[in-house]
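Read off the chains here:
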Amino acid sequence: MRKVIPGFPFTLGLTMFYLSIILLLPLAAFVFFAGGMGWEKFVAKATEWRIVHGYIISFACALSAALINSVFGLILAWTLVRYDFPGKRVMDGLIDLPFALPTAVAGIALTTLYTENGWLGQFFYAIGVPTAFSAVGITIALIFVGIPFVTRSVQPVLKDLDRQTEEAAMLLGASKWLTFQKIIFPELVSPLLTGFALAFARGIGEYGSVVFIAGNKPFETEIAPLLIMTELEQFDYQAAAAVAIVMLSISFISLLAINGYQRYRIGRRGV
Amino acid sequence: MKIKKAIGLALGILLTAGIIAGCGGEDKKAAKEEAKEFLNVSYDPTRELYAEFNKEFTKVWKHHSGKDMTFSQSNGGSGKQARSVIEGLEADVVTLALAYDVDEIAQAGLIKGEWLKKFPNNSAPYTSTIVFLVRKGNPKNIKDWDDLIKDGVGVITPNPKTSGGARWNYLAAWEFARRKYGDDNQAKEFVKKLFGNVVVLDSGARGSTTSFTQRGQGDVLLAWENEALITLKDSPDYEIVIPSISILAEPSVAVVDEVVDKKGTREVAEAYINYLYDPAGQEIAAKNFYRPRNKEVFEKYKSQFPDLKLFTIDDAFGGWTKAQKEHFADGGTFDQIYTK
Amino acid sequence: MSEKTVKYFLIFVGALFLFTMLILPLTLVAFEAFAKGYDAYIAAISEPFSQKALYLTIEATIIAVVLNTAFGLASAWLLTKYDFSGKTVLGSLIDLPFAISPVVAGLFFIMLFGRLSPFYPILSEYEIAVVFAVPGIILATIFVTFPFITRELVPIMETQGRAEEEAAATMGASGFTIFRKVTLPNIKWGLLYGIILCAARAMGEFGAVSVVSGHIRGKTNTLPLHIEILYNEYNFTASFAVASILVFLAIIILVLRNAVEWRAERSGKYGL
């Protein structure tokens, strides 16, 4: 197939090269290293109940956090793009801060806030929600680290969205809600999914902030990245690699599925 | 098209070459001169000890050899630090929480021969033990190990799988129960109950102390004696409880042969460790709440180290290799107590 | 519900979310940083080890942002302007660093460049230290931040389609001209967001850098690692004080962004 726009070999070359150096080569080294363990040990390790429990905790918390971030991220992006109100600039700027704050600091700050006698924790504990040293705490930490993803994915698209179709729909008598549903939302599905996938994937791998607020009790609040660390502390690189590879594969498959779905949608809409 | 492809590739190669050249350049420079940097890789609670010791030893070494050398330290969880050394962190000496971690470094080929015998007292210039830290007034009335398994007592300890100090905690509790109730099965029941009372299982000793003091979690912290004493020095809100029996923790030191031979720093590395045994070095250890081996220095600081019955890991568990395998390896007793 | 009600409701919800999840934790950092007064704060941030850590953090951030911007533009262009097989896989591969626990990412480089690596004898021969040295820190930082710019750009470039570029191409414009004249003006906001995210994340990265650093004070210690060290020395005030430097740096970047946005909007050059 002929490419109309020039630059294909250049961008492909550069992308593949950079990707190889930064990602594929180290990944290959890692898999090669883990490869020494043999299939049986790999399966035995990867399916140990304590480890499986770790995956479940990690995935469940990352999923809830990503969903919550999608809802609030969409609301934030919408308010920031469509409304004018005092303090908008500040609010806009704040959204990126979770990235700059080292995850460990975030973890410490959140733990202080959400323990039983913390500024916010006291209210949650009063209504019977233990916000620290529980799965709720893990989710809170993951929400924090994932805040920017959805907002920042949706925002630029919303900003550049063609207002004409929307205005036309309104002129034709469609309600605001209907316009949003039929005209605006479909445009936002792609960035929303991207943001969701990123927040989700980031949540699965997050370690620094979570260890402070999780409590780290086996079979309760032990996350998969912590289990990797645990294996490493025992000098068992291969076991650590086994856990890491399972997590990595699942994350990769979810990203692949979401990207594939987007391709399919774009193809169907004939953009 | 072909030209563009070539340009793309060239740019990519340039980019990487840039990264590597940028990296390689500066490090080559440093390595060609005579080694001026000395690194002691240590575990978490020795930060203050080695900060003071390094300052002192810089002067001693300057006096002895006439050379200026920078003595740096790196601190972290004992196991993690040992791993970094195995992975290539160039430590001239290691001063870790337990012999097992040094054994691992030896097994990786970095330390040769019987390192345990190279320096006096099992290559452990100072010792410590495990004690309890409770809140002022001891509201839960905790006196000994068996008070820790009572209902409603919140215990804070790091995870034995990730923290060296926690392994000493675990083994001390185990041995207490074995002596009191008779056998290993009872001991296992005991530690199972004890860990059932654990509120937060941090990954390292310092994390646990913070959970206990800053977050106000739990009623009792199982801690290194030196950590407990430091905490007490800074804050009057806590008390130390001395159990009837505890373990003699012997943090190990060793020269990392592969590194010192490469850097040519064997002489200074050995002098460094020997100075730890010197009365002056022992005094620094005692000031930082480690029990010195030197009798005179110990006498001088006796008031801060209460008398209690101590057993060694060799007597009670037949050494670290065996203890590690039975209790902390995958499927060991620590895993078993968490399997329902 | 009237339009106004919806507006204020949404603003309220957004603000409340930001307040509990973001502003309070940041307030706490500031609160703790000044817990022992202004002098203690100044002493903590002007300590030589803090300064060195700050320089190293800035160095790693700048290198990571520059390289990742070049890569991000190329890969986003590739993913949106052409159809080729393996596109979905490529896109997912670029996202992969997000899915990899930073701790594991650090381990990758340890396995590749550390003592256990098959290449170690060669590296050691030429005395090239990658891990437990500055290059390793830079590589780890690049790794964890490299998808950001691509991910910001792809949705925008997707929404905009290819018509304009194709038109320019049929008129005979070169790839670089098309990029500069047609694409860049359309994606500049996304690019800016991407760079900011990338920079912010690079400054704050803890996990991966922690694995490859070796934690040698004054040499391989970045600000986030230094914060951890101070915290573990029970020096809480100093540790939060140093953390506030990062918040401050992030705020500087954001102010810069706002200034650029404002100027661009005022000049109306690329009016939205």
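Residues numbered from 1 in each chain as written. Chains lettered and ligands numbered in written order. Predicted model: local features only at pLDDT ≥ 70, side-chain atom pairs only at ≥ 80, totals over all residues. Heavy atoms only, no water.

**A closer look at the overall build of chain B**
When you go through chain B residue by residue, the secondary structure sums to 17 helices and 12 strands. Judged by the C-alpha coordinates and their principal axes, chain B covers about 75 × 60 × 40 Å. Sequence-distant contacts in chain B: of pairs separated by 6 or more residues, those separated by 24 or more amount to 74%. Surface summary for chain B: the accessible area is close to 13800 Å², and the carbon and sulfur share equals 53%. With 46 positive and 48 negative side-chain charges, chain B shows a separation of 5 Å between the mean positions of the two kinds. (Helix = DSSP H or I, 4+ residues; strand = E, 2+ residues; numbered from the N terminus. Contact = heavy atoms within 4.5 Å. Areas by Shrake-Rupley, 256 points an atom, 1.4 Å probe, with all protein chains shown as cover. Lys, Arg positive; Asp, Glu negative; His and termini not counted. Charge placed at Lys NZ, Arg CZ, Asp CG, Glu CD.)

**Overview of the domain arrangement of chain B**
Residue and element names in this part refer to chain B. You can read the domains of chain B as domain 1 (34-124 + 251-304) and domain 2 (127-249 + 308-338). Each of domain 1 and domain 2 has a C-alpha centre, and the two are 26 Å apart. Across the boundary between the two partners, domain 1 contributes 19 residues, which contact 20 residues of domain 2. When residues of domain 1 are sorted by the area they lose upon contact with domain 2, Tyr 100, Phe 289 and Arg 291 head the list and together hold 38% of the total. In this structure, the connection of domain 1 to domain 2 is made through 2 salt bridges. Residue Glu 225 is joined to Arg 291 by a salt bridge in which the shortest nitrogen-to-oxygen separation is 2.7 Å. Listed by contribution, the elements that provide at least two residues to the side of domain 1 that touches domain 2 are helix 2 (47-65) and helix 4 (99-107). When residues of the side of domain 1 that touches domain 2 are assigned to their parent elements, the largest contribution, 4 residues, is made by helix 4. (Domains from an automatic or database assignment. Buried area = accessible area lost by both parts, 1.4 Å probe. Salt bridge = Lys/Arg side-chain N within 4 Å of Asp/Glu carboxyl O.)

**Brief notes about the sheet that holds strand 2 (residues 70-76) of chain B**
Hydrogen bonding along the main chain pairs the strands of a sheet, whether they run parallel or antiparallel. All names here are of chain B. Taken in spatial order, the 4 strands line up as 2-1-3-10 in an open sheet, and their pairing is mixed. Across the chains shown, the open sheet's two edge strands, defined by having one partner strand only, are strand 2 and strand 10 (252-255). Averaged over all adjacent pairs, the angle separating strand axes in this sheet is 15°, with direction ignored. Set on the sheet, helix 2 makes contact with strand 1 (37-43), strand 2, strand 3 (93-96) and strand 10; between it and strand 2 the angle comes to about 165°. (Pairing = 2+ DSSP bridges. Axes fitted to C-alpha atoms, helices over the stretch in contact; angles between N-to-C directions.)

**Some details on the pattern of salt bridges**
Think of it this way: side chains of opposite charge can pair up when their charged atoms draw near. Counted according to the given criterion, the structure contains 43 salt bridges over all chains. Of the charged contacts, one joins Glu 48 of chain A and Lys 45 of chain A as a salt bridge, the two residues approaching to 3.2 Å between their closest N and O atoms. We classify Lys 45 of chain A as buried; its relative accessible area is 5%. Within the structure, one salt-bridge network assembled from shared partners comprises Lys 45, Glu 48, Arg 50, Glu 222 and Glu 231 of chain A together with Lys 161, Asp 330 and Asp 335 of chain B. (Buried < 20%, exposed > 50% of the residue type's maximum accessible area, 1.4 Å probe, protein only.)

**Quick word on the interface of chain A and chain B**
Each side of the interface is counted separately: chain A has 28 residues, and chain B has 38 residues. In this assembly, chain A packs against chain B so that about 3100 Å² is buried in total across both faces, 62% of it on carbon and sulfur atoms. Contact with chain B buries area across many residues of chain A, yet Glu 233, Gln 234 and Phe 235 of chain A alone supply 22% of it, more than any other trio. The interface formed by chain A and chain B holds 2 salt bridges in total. Lys 45 of chain A is the partner of Asp 330 of chain B in a salt bridge, and the nearest nitrogen-oxygen pair spans 2.2 Å. Our count for the chain A to chain B interface comes out at 4 residue pairs in polar contact (both at pLDDT 80 or more). Of all elements in the fold, only helix 1 (8-35), helix 6 (103-114) and helix 12 (224-233) of chain A reach the threshold of two or more residues within the side of chain A that touches chain B. (Polar contact = N/O pair within 3.5 Å; in protein donor to acceptor, adjacent residues only side chain to side chain.)

**Considerations on the interface of chain C and chain A**
Listed as interface residues are 101 residues of chain C and, on the opposing side, 99 residues of chain A. The interface formed by chain C and chain A holds 8 residue pairs in polar contact (both at pLDDT 80 or more) in total. For the side of chain C that touches chain A, the element with the highest residue contribution is helix 1 (residues 3-33) of chain C, accounting for 20 residues. When the residues that make up the side of chain C that touches chain A are grouped by side-chain class, the tally is 70 nonpolar, 15 polar and 16 charged. (Nonpolar A, V, L, I, M, F, W, Y, C, P; charged D, E, K, R; others polar.)

**Brief notes about the nonpolar core**
In terms of nonpolar packing, the biggest core is built from 304 residues, with Val 94, Trp 145, Leu 194 and Trp 320 of chain B touching the most fellow members. Sort the elements by how many residues they give to this core and helix 3 (residues 49-82) of chain A lands first, with 14 residues. Not counting residues within four places of it along the chain, the set of residues in contact with Leu 194 of chain B comprises Trp 145, Leu 148, Ile 149, Val 155, Ala 173 and Leu 222 of chain B. (Core = buried A, V, L, I, M, F, W, Y, C linked by side-chain atoms within 4.5 Å.)

**Let's talk about the side chain of Gln 81 of chain B**
All names here are of chain B. Its location among the elements puts Gln 81 in helix 3 (residues 78-87). With a relative accessible area of 1%, Gln 81 lands in the buried category. A polar contact is formed between the side chain of Gln 81 and the backbone oxygen of Ser 42, at a distance of 3.1 Å. Ignoring any residue separated from it by four or fewer positions in sequence, one finds Gln 81 in contact with Val 41, Ser 42, Ser 74, Asn 75, Gly 76 and Leu 96.

**Things to note about the pairing of strand 4 (residues 126-135) of chain B**
Residue and element names in this part refer to chain B. The buried fraction of strand 4 is high, at 9 of 10 residues. Relative to strand 9 (residues 245-249), strand 4 runs antiparallel, the two sharing 2 bridges. Each residue of the ladder has a partner; that of Thr 129, found in strand 9, is Leu 248. Looking at chain direction, strand 4 and strand 7 (residues 220-224) are connected through 5 bridges and run antiparallel. Note that in strand 7 the partner of Ile 130 across the bridge is Trp 224.

**Re the confidence of the model for chain A**
Residue-level pLDDT values for chain A average 85, and 98% of them are 70 or greater. Ranking the elements of chain A by mean pLDDT puts helix 5 (residues 97-100) of chain A last, at 80, and helix 3 of chain A first, at 93. (pLDDT = per-residue confidence, 0-100.)

**What to know about the environment of Glu 166 of chain C**
Along the chain, Glu 166 of chain C falls in helix 9 (residues 163-170). Residues Glu 166 of chain C and Val 103 of chain C, 63 residues apart in the sequence, show an inter-C-alpha distance of 43 Å. Ignoring anything within four residues of it in the chain, the contact list for Glu 166 of chain C reads Val 4 and Ile 5 of chain A.

**Digging into the packing of aromatic side chains**
Tallying each qualifying case throughout the model produces 50 aromatic pairs over all chains. Ring centres of Phe 149 of chain A and Phe 148 of chain C lie 6.1 Å apart, and the angle between their planes is 10°; on these two criteria the pair is classed as stacked. With Phe 149 of chain A in helix 8 (residues 135-160) and Phe 148 of chain C in helix 8 (residues 147-160), this residue pair bridges two chains. Side by side, Phe 149 of chain A and Phe 148 of chain C carry an identical accessibility label, which is buried. Geometrically, the ring pair formed by Phe 334 of chain B and Tyr 338 of chain B is edge-to-face, given 5.4 Å between the ring centres and 75° between the ring planes. Taken together, the residues Phe 334 of chain B and Tyr 338 of chain B, both in helix 17 (residues 333-338) and 4 residues apart, mark about one turn of the helix. (Phe/Tyr/Trp six-rings, centres within 6.5 Å; stacked < 30°, edge-to-face > 60°.)

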